[in-house]
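Structural features, examined
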Amino acid sequence: MRVLVLFAHPAQRKSSVNVAMASGARQLGGVTFVDLYAEYPRFSIDVDREQRRLMQHDVIVFQFPLFWYSTPALLKQWQDLVLEYGFAYGPKGKTLSEKYAIACITTGGSKSDYSEEGGNRREIRNFLYPLEQTAGLCGMEYLPPFVLHSANHIDDTGAQLHIRAYPQLLAALRDDRFDLAALRQRPTFDSFDLTDLVRN
Amino acid sequence: MEGLAFYALCYLAAAVLAVIVSQRVGLGSVVGYIAAGVVIGPVFQISIAGSGYLEQFSEFGIVMMLFLIGLEIDPQMVWRLRGKLLGLGGLQVLATVGAVAAAGLALGFNWQQGLLFGFVASLSSTAIVLQTLEEKGLLKSDGGQASFAVLLFQDLAVIPMLACIPLIAGSGQGASSGHGDAALLENLPGWASAILTLAAVGVVVAAAHFLSRPVFRTIALLGLREVFTAAALLVVVGITVLMSAVGLSPALGAFLGGVVLANSEFKHELQNDIEPFKGLLLGLFFMTIGAKIDPEILLANWLTVAAATFGLIAIKALILLPLAWFFRIRGPAGWLFTLGLAQAGEFGFVLLTIGGDRGLLSPPTVSVSVLIITFSMVLTPLLFALSNRIVVMLERRGRHQRDADQPDAGTIILAGVGRFGQIVNRMLLANGYKPVVLDYRADVVDNVRKFGVKSFFGDAGRPDLLESAGLAHAALLIVAIDDPDRATEIVSYARRSNPGIQIIVRAYDRLHHYKLLDAGADRIVREMFDGSVQAAGMALEALGMHPYEVEKRKIVFVEQDTAGLARMATLVDVDTPAASNPEFVAGFNDIGKVIENAMMGYRSGYDEMVARGWNASDVGSIHVPRSGGPDRPS
């Protein structure tokens, strides 16, 4: 499948995991990588260009750090402008149907923070529900998100594992080696789950 | 020489004094000039001594006035007003001529005299009415526009009237007064003179259309103002000579020349150059009229004069009011129209003078008629006051709809369309706003006109040009010229003359910024600042900084700099040089501390400001790659 990565991070000087993940994705052949904050530093998104990109790919990957339980501002702007009526939704807006959407996110909070008993009182998938429903309304299949928790506290081994897993995940999607049926059974997945989900 | 200087002294002194008094009392300058003429006429015997020469000279005033009226004629506006112009104006002139001529016949004058009285009475005072409407801001209102249309028609109707008087006077009479105008044509057969006459008109139109632009542009590029003035006068005098040579009215020729030049970018410049000459010469004309008034005649005929004045106003008003109603100018607009136009006008003097010369009227009759016109003009302010009264009464009764008579919303003036103003102009146009553009480079003005922008050649620093561009009623002034002192002058002049206007101005540097602030500018743009920040941002990007990081750093830099600029504003005393103002110097060292520190290498303050908002609340150990931010409340 043709894979498009839309990366949104406003403070890349402070990021290690996301920027490292991004550089892996950037170097991957056959995958289109877009740094939204670099292309649109003034938030003036080229809607036609973004829509053309969507049409030219089958899997849309949203890569971002979770900010206040949501996407960074520019990615929200991207949704507001690019997912137009008549293009992405509405009676004639069928352009995105049959495509896949997947969120690859990092959170500051730990896995236990994102549980019914934790500080955030919900699992992470619940917080991404707006994105899930957006994809649904556009006729896309929303795949379970690829999540790295405690991104601020993780040790170097865990970080490197995640950083290496990310391009593997993208390559598997690209080469149709991803076991989507198995993936659909899970609410979310992480780098440890990847070996079960990718065929060689 | 002595005699000339003496006349000039009398004339100028009387003009200045009488006009000041007359304006103060609200009667306008025309009445003042006539009064001055009445006073100095008998005392200095001006009417006898060299009066012929003076009169000929002063008739240039009329020619120039028609030239200026022609210049004012905007073909689009005439087309828009065509119904009112022909219908309202035509019916008003015809009805008034008929009614007054009939009254004349009833009073025992012959038909020729009655017709002449009708001509005189049908005209209103363009000078007084337009001036008053402009002063009251009513020119663009319904009533004002109708008045303008009728005045325009009257001004045009003067031309056939002037041609008519010799005809109705009959060829036998008054041959003595011939100015020797048609000397050139005297010995030619009829058809030849007709061809020559048409050719003269053609020459005026063609020259004004094809020749004026290159000539004026050449002169403008020379940059010699007095040559431009001379050229403007040359146009008027040239037309006069040419028209006189073929026996046509110079006024007609001047009017035609004016119409052809009305669409030229040099219109305002021509207006401003001719205007003072026209004013003075017209003043001279009115003074010679006044000088001819014999106070004894007034005393002997005061009852006739009073009765005829009120009769004249009554007849005119009774014709105007139903016409206004018929043309749907009702309520306040109708009353403004009716009472505003109820006086006789300055062209009446011209017609009477010619009628007298041709022997149509006896000198005492001319004097009495001049008195009647004068008094009807003197009463104009009272008539405007009366219309105001009626409007107030109507308003109390609530019988008319509000905002029927509002002045127009206001315009945008853009001073300077060089490299800076051009972009402002383009963006305004792209967003549907059409500014009035002023620039002193003829080629630039030419260029902008291609896009259908109203642009005028002239120095935007000249108050009269700003006024012609509509400063008094404009909503926004953008000063985009590159001369800092000029820009400051324009801002302070505009602020004084139109306190409500918004002013956006281009500043040369920091100090100029403060001067402009002091002069009354609302928004100030430092001409180099934004472009320089862009270039710096590009440099950072070229050096590998992430574009969004660059954007944030630009924003913080601009904010800090602007805040420093604002903090300093309180310390600035524009009259003291910055270097010798200790508070300013101290403050200057204080501004933009964050940026200055960053420039010295201590970047933490700047970095903190740039990165604010994406600091994680619980940053872990240093070697751990970090990502994400405050995704949970802490």
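None of the values given here were measured: they were computed from a predicted structure.

1. Here's the deal with the overall build of chain A
Summing up its helical and strand segments, chain A has nine helices and six strands in all. Taking all 200 residues of chain A together, 56% fall into the buried category. Long-range pairs, those at least 24 residues apart, make up 72% of the contacts in chain A with a sequence separation of at least 6.

2. Examining the side chain of T240(B)
As for its position among the elements, T240(B) is in helix α10 (residues 225-246). If sequence neighbours within four positions are ignored, T240(B) has contacts with F60(B), V63(B) and P250(B).

3. Topic: unusual backbone geometry
In the Ramachandran plot, D176(A) falls in the positive-phi region, its phi being about 55° despite a non-glycine side chain. Inspection of the secondary structure assignment puts D176(A) in the loop between α7 (156-174) and α8 (180-183). Residue D176(A) is classed as partly exposed on the basis of its relative accessible area, which comes to 46%. Phi is positive for R328(B), which is not a glycine, with a value near 60°. By the secondary structure assignment, R328(B) is in the loop between α13 (295-326) and α14 (331-340). Relative accessible area serves as the criterion here: at 67%, R328(B) is assigned to the exposed category.

4. Remarks on helix α15 (residues 346-357) of chain B
All names here are of chain B. Between its first and last C-alpha atoms α15 spans 17 Å; for 12 residues at 1.5 Å apiece the expected length is 16 Å, and the two agree. Taken together, the buried positions of α15 are E346, F347, G348, F349, V350, L351, L352, T353 and G355. Phi turns positive, to about 80°, at G359, one or two residues after α15.

5. Considerations on the confidence of the model for chain B
All names here are of chain B. This prediction gives chain B a mean pLDDT of 78; 82% of its residues lie at or above 70. With pLDDT under 50 throughout, residues 171-183 is counted as low confidence; its partners more than four residues away or in other chains account for 11 contacts. Overall, residues 399-410 carries pLDDT values under 50, and its contacts beyond four positions in sequence, including any with other chains, amount to 20 contacts.

6. Overview of the nonpolar core
Counting 94 residues, the largest nonpolar core has F286(B), M287(B), F347(B), F349(B) and L351(B) as its most contacted members. Ranked by residue count, the leading element in this core is helix α8 (residues 142-169) of chain B, at 12 residues. Discounting chain neighbours no more than four positions away, the residues touching L351(B) are L116(B), F119(B), V120(B), L123(B), M161(B), L162(B) and I165(B). Among the nonpolar cores identified, the runner-up in size contains 36 residues, and A22(A), I163(A), A172(A) and L183(A) belong to it.

7. Looking at the sheet that holds strand β3 (residues 454-457) of chain B
Residue and element names in this part refer to chain B. A sheet is described by the order of its strands in space; here six strands give the open sequence β3-β2-β1-β4-β5-β6, paired in parallel fashion. Edge positions in the sheet fall to β3 and β6 (523-526), since each of these pairs with one other strand and no more. Pairwise comparison of adjacent strand axes, ignoring direction, gives a mean angle of 15° for this sheet. Taken together, the four bridges between strand β2 (residues 436-439) and β3 define a ladder with parallel strand orientation. From the neighbouring strand, V437 faces β3, where its bridge partner is S455.

8. A short note on the packing of α10(B) against helix α11 (residues 250-261) of chain B
The relative placement of two packed helices comes down to the angle between their axes together with the axis-to-axis distance. All names here are of chain B. At a minimum axis distance of 8 Å, the contact between α10 and α11 shows a crossing angle of 135°. With respect to α11, the axis of α10 lies oblique. α11 is crossed by α10, and the crossing has right-handed handedness. From α10, V235, I239, T240, M243 and S244 reach across to α11, where they touch P250, G253, A254, G257 and L261. Of the residues contributing to the contact of α10 with α11, the split by class is six nonpolar, four polar and no charged.

9. A look at the pairing of β6(B)
Residue and element names in this part refer to chain B. By the alternation rule, side chains of β6 split into I524 and R526, which are all buried, and R523 and V525, of which none is buried. One ladder, built from four bridges, connects strand β5 (residues 502-507) with β6; its direction is parallel. Opposite V505, over in β6, you have I524 as the bridge partner.

Criteria and cut-off values
- Residues numbered from 1 in each chain as written.
- Chains lettered and ligands numbered in written order.
- Predicted model: local features only at pLDDT ≥ 70, side-chain atom pairs only at ≥ 80, totals over all residues.
- Heavy atoms only, no water.
- Helix = DSSP H or I, 4+ residues; strand = E, 2+ residues; numbered from the N terminus.
- Buried < 20%, exposed > 50% of the residue type's maximum accessible area, 1.4 Å probe, protein only.
- Contact = heavy atoms within 4.5 Å.
- Expected span 1.5 Å × (residues − 1).
- pLDDT = per-residue confidence, 0-100.
- Core = buried A, V, L, I, M, F, W, Y, C linked by side-chain atoms within 4.5 Å.
- Pairing = 2+ DSSP bridges.
- Axes fitted to C-alpha atoms, helices over the stretch in contact; angles between N-to-C directions.
- Parallel < 35°, antiparallel > 145°, perpendicular 65-115°, else oblique.
- Left-handed = near helix turned anticlockwise from the far one by under 90°.
- Nonpolar A, V, L, I, M, F, W, Y, C, P; charged D, E, K, R; others polar.

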